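Here are the chains, one letter per residue:
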Amino acid sequence: ARPDLSSGTIDQLGNEEVLAHGNDLVTWLDRPDLAIIDTRTEDERDQTWYGSLRRGTIPGSIWLPRDRFLTNGPSPALISADDLRARLVDAGMRPD
């Protein structure tokens, strides 16, 4: 017998402890102990808003698309810690 796949709803809950807002970023821009990483993909960076290109960046941020954190293949998984560290350094982060 087939299971019942009737429609449902999903409630997304924001966790303010892990979200960063514009005001947060402004206070962090000059902190030498933090790196702000823009993890948008190329497609996301090229998205438009009602036909206008929105290619903004956060001053001083490092662009490293989140798909660079995953292995290739039919079932992507997180890359190893050593590979992640190397990609972050290659993108411009200090190793410390």
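Everything that follows concerns the structure shown earlier in this document.
In this report, we go over the structure that sits alongside the text. (Residues numbered from 1 in each chain as written. Predicted model: local features only at pLDDT ≥ 70, side-chain atom pairs only at ≥ 80, totals over all residues. Heavy atoms only, no water.)

Below, the discussion takes up the overall build of the chain. What the chain contains, in helices and strands, is three helices and four strands. Along the chain, helices (α) and strands (β) appear in the sequence α-β-α-β-β-β-α when read from the amino end. Considering only C-alpha atoms, the chain reaches an extent of 60 × 35 × 30 Å along its principal axes. Per-residue burial over the chain gives 11% buried out of 96 residues. Long-range contacts, defined as pairs at least 24 residues apart, comprise 39% of the intrachain contacts of the chain with a sequence gap of at least 6. For the chain, the computed accessible surface area is about 8,400 Å², with 52% contributed by carbon and sulfur atoms. When the 11 positive and 17 negative side-chain charges of the chain are each reduced to one mean point, those points stand 4 Å apart. (Helix = DSSP H or I, 4+ residues; strand = E, 2+ residues; numbered from the N terminus. Buried < 20%, exposed > 50% of the residue type's maximum accessible area, 1.4 Å probe, protein only. Contact = heavy atoms within 4.5 Å. Areas by Shrake-Rupley, 256 points an atom, 1.4 Å probe, with all protein chains shown as cover. Lys, Arg positive; Asp, Glu negative; His and termini not counted. Charge placed at Lys NZ, Arg CZ, Asp CG, Glu CD.)

Now for the side chain of Asp38. Relative to the helices and strands, Asp38 resides in strand β1 (residues 37–38). Of note is the side chain of Asp38, whose polar atom sits 2.7 Å from the side chain of Arg40. Non-local contacts of Asp38, meaning those with residues more than four positions away in its chain, are made with Arg45, Ser61, Ile62, Trp63, Leu64 and Pro65. (Polar contact = N/O pair within 3.5 Å; in protein donor to acceptor, adjacent residues only side chain to side chain.)

A few words now on the layout of surface pockets. There is about 360 Å³ of room inside the largest pocket. Lining the largest pocket are 19 residues, and of these Pro32, Leu34, Ala35, Met93 and Arg94 sit closest to its centre. Per-element accounting of the lining of the largest pocket gives the leading share, three residues, to helix α3 (residues 81–90). Residues belonging to the lining of the largest pocket are distributed by class as follows: 12 nonpolar, two polar and five charged. (1 Å grid on protein atoms, 1.4 Å probe; cavity = no way out; pocket = protein on both sides within 12 Å on 5 of 7 lines; lining within 4 Å. Points joined across faces, edges and corners; volume = space filled by probe spheres on them. Nonpolar A, V, L, I, M, F, W, Y, C, P; charged D, E, K, R; others polar.)

Further remarks concern the packing of aromatic side chains. Scanning the model with the defined rule gives zero aromatic pairs in all. Above the plane of the ring of Trp63 lies Arg45, whose end atom (NZ or CZ) is 4.1 Å from the centre. (Phe/Tyr/Trp six-rings, centres within 6.5 Å; stacked < 30°, edge-to-face > 60°. Lys NZ or Arg CZ within 6 Å of the ring centre and 35° of its normal.)

Attention shifts here to the environment of Ser61. With respect to the element layout, Ser61 can be found in the loop between β3 (52–53) and β4 (62–63). As for Ser61 and Asp96, which are separated by 35 residues in sequence, their C-alpha atoms are 17 Å apart. When sequence neighbours within four positions are dropped, the list of residues in contact with Ser61 reads Ile36 and Asp38.

These results come straight from atomic positions and should not be treated as a statement about function.
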